[in-house]
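Here is how the chains run, residue by residue.
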Amino acid sequence: LALGTLALLAGREGIGKSTIAYDIGAQISRGELPGCRKGEPKSVAVVATEDSWEHTIVPRLMGAGADLERLLRVDVVTAEGTEGTLSLPRDLSGLEQLIRDEDIALVLLDPLMSRLGDLDTHKDSEVRQALEPLVAVAGRTGAAILGLIHLNKSGGTDPLTLIMGSRAFAAVARAIFFAMKDAEDESKRFLGQPKNNLGRTDLPTIEYRIETAHVADTEEGPVFTGRVVWGEETGQSIRELLEATGEAAEAVTATAEAAQWLIEYLTSVGGKSASSKVKREGREAGHSESALKRARMKKKITTEAVGFPRETFWCLPGQFHDQR
């Protein structure tokens, strides 16, 4: 995360992007984040609109061990005295002054999309109209700016093309972090960096989990929040993990389709059939043998071997082959 630049933290909803961002901010506020600022506690500006400051953001910061005196909530007051939220590029001069006045090392934009106001986030020219002056502010002040951004609904294995909106978001950012769930264990997640124009491109992907933390007790009851628990490094890149996730998703779909066919087929033949015939009929219906085997396990289809030479039958639960 380079000083004086814009970076993105991308991922789907509910993956813990905000929790990760506040963990980074908390370390900066304590002067414990490895890098140029280590040993120098600095302030962090938070521009957030999707979550409540009192009920969500502050508890998350507490769960991360932040020095709350150095975490600044950014709001906007118009010339008419009404309150609003920061909009780019309109409020850049005010943001730059705040960074200088409060010795801010990191600005969190959560989410970045909401800061573009009336600009069309799918048009490169309008996205650049907001982001390029923002990058200039980062360069002049030396602060790092981290924008949180969601993913589009399309599939794929290229993390940069999965980022929502115009390609300009990924193009203007000097570094991109990408968070995703494990294909087989949804409680395990990964954070990697598919783009880094100013530093190493071989940084490891790291595992993390979001665990529940008790951070306070109030008259209304205990306060719980989520916090990041960092795990081991993995040798796989984000792109490789996305490929594995896609393969796992395809396997799940193939298994579900094979399971539906298998139940219907066995029901149609009286609840039991020779395994060789099941596999042959399934193959002709477009189901692989591996998908049929997974479907058999999923639906608790029993097997039994009878006769001589031995022949194996697949049976619906509760059905048994007549061995006479």
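As the structure is a computational prediction, the values presented were derived from the model and not from experiment.

A closer look at the overall build of the protein
Right, on to step 1. The number of helices and strands found in the protein is eight helices and 14 strands.
Right, on to step 2. In terms of overall dimensions, the protein is more spread out than a globule: its C-alpha atoms have a radius of gyration of 26 Å, far above the 20 Å expected for 324 residues.
Right, on to step 3. When the backbone C-alpha atoms are referred to their principal axes, the protein occupies close to 90 × 50 × 40 Å.
Right, on to step 4. Taking all 324 residues of the protein together, 43% fall into the buried category.
Right, on to step 5. Across the protein, the fraction of contacts at a sequence separation of at least 24, relative to all contacts at a separation of at least 6, is 62%.
Right, on to step 6. Accessible surface for the protein amounts to roughly 16,800 Å². Of this, 48% is attributable to carbon and sulfur atoms.
Right, on to step 7. Distance from the positive charge centre (39 side chains) to the negative charge centre (48 side chains) of the protein: 8 Å.

Here's the deal with the sheet that holds strand S7 (residues 144–149)
Right, on to step 1. Strand order across the open sheet formed by nine strands is S3-S2-S6-S7-S1-S8-S9-S10-S11, with mixed pairing between neighbours. The open sheet has two edge strands, strand S3 (71–73) and strand S11 (221–234), and neither has a second partner. Direction aside, the axes of adjacent strands within the sheet are offset by 25 degrees on average.
Right, on to step 2. In terms of strand pairing, strand S9 (residues 189–196) meets strand S10 (residues 205–218) through three bridges, oriented antiparallel. Its bridge partner lying in S10, Arg-189 is registered against Tyr-208.
Right, on to step 3. In the packing of helix H1 (residues 17–30) onto the sheet, the strands contacted are strand S1 (6–10), strand S2 (43–48), S3, strand S6 (104–110), S7, strand S8 (175–181), S9, S10 and S11, and the crossing angle to S6 comes to about 170 degrees.
Right, on to step 4. Against the sheet, helix H4 (residues 124–141) engages S1, S6 and S7, with an angle of about 120 degrees to S1.

Considerations on the side chain of Arg-296
Right, on to step 1. One can find Arg-296 in helix H8 (residues 289–298).
Right, on to step 2. Contacts of Arg-296, omitting those with residues within four sequence positions, involve Leu-262, Ile-301, Thr-303 and Trp-314.

Brief notes about the pairing of strand S14 (residues 311–315)
Strand residues, when the strand is regular, have side chains that alternate between the two faces of the sheet.
Right, on to step 1. Sheet topology note: the strand S12 (residues 272–274)/S14 ladder contains three bridges and is antiparallel. Directly across from Ala-274, in S14, lies its bridge partner Phe-313.

Looking at the packing of helix H3 (residues 92–101) against H4
Right, on to step 1. Put simply, H3 and H4 touch, their axes get as near as 10 Å, and they point 20 degrees apart. One finds that H3 runs roughly parallel with respect to H4. Crossing handedness for the pair H3 and H4: right-handed. Every residue of H4 that contacts H3 at Leu-92, Leu-95, Glu-96, Ile-99 and Arg-100 is listed here: Pro-133, Leu-134, Val-137, Arg-140 and Thr-141.
Right, on to step 2. Per-class residue counts for the contact of H3 with H4 are six nonpolar, one polar and three charged.

A short note on helix H7 (residues 275–284)
Right, on to step 1. The complete set of buried residues in H7 reads Ser-275, Val-278 and Gly-282. One face of H7 carries all of its buried residues, which in axial projection span an arc of 55 degrees. Along H7, the residues that are exposed and aim more than 90 degrees away from the buried face are Arg-283 and Glu-284.

Quick word on unusual backbone geometry
Right, on to step 1. The omega angle of the peptide bond from Leu-88 to Pro-89 is 0 degrees, so this bond is cis rather than trans.
Right, on to step 2. By secondary structure assignment, the location of Pro-89 is in the loop between strand S5 (83–84) and H3.
Right, on to step 3. Residues Asp-110 and Pro-111 are joined by a peptide bond in cis, for which omega reads 0 degrees.
Right, on to step 4. Mapped onto the secondary structure, Pro-111 falls in the loop between S6 and H4.
Right, on to step 5. Within the chain, Asp-103 stands out as a residue other than glycine whose phi angle is a positive 55 degrees.

What counts and how
- Residues numbered from 1 in each chain as written.
- Predicted model: local features only at pLDDT ≥ 70, side-chain atom pairs only at ≥ 80, totals over all residues.
- Heavy atoms only, no water.
- Helix = DSSP H or I, 4+ residues; strand = E, 2+ residues; numbered from the N terminus.
- Rg over C-alpha atoms; globule rule 2.2 N^0.38 Å.
- Buried < 20%, exposed > 50% of the residue type's maximum accessible area, 1.4 Å probe, protein only.
- Contact = heavy atoms within 4.5 Å.
- Areas by Shrake-Rupley, 256 points an atom, 1.4 Å probe, with all protein chains shown as cover.
- Lys, Arg positive; Asp, Glu negative; His and termini not counted.
- Charge placed at Lys NZ, Arg CZ, Asp CG, Glu CD.
- Pairing = 2+ DSSP bridges.
- Axes fitted to C-alpha atoms, helices over the stretch in contact; angles between N-to-C directions.
- Parallel < 35°, antiparallel > 145°, perpendicular 65-115°, else oblique.
- Left-handed = near helix turned anticlockwise from the far one by under 90°.
- Nonpolar A, V, L, I, M, F, W, Y, C, P; charged D, E, K, R; others polar.
- Arc of directions from axis to C-beta.

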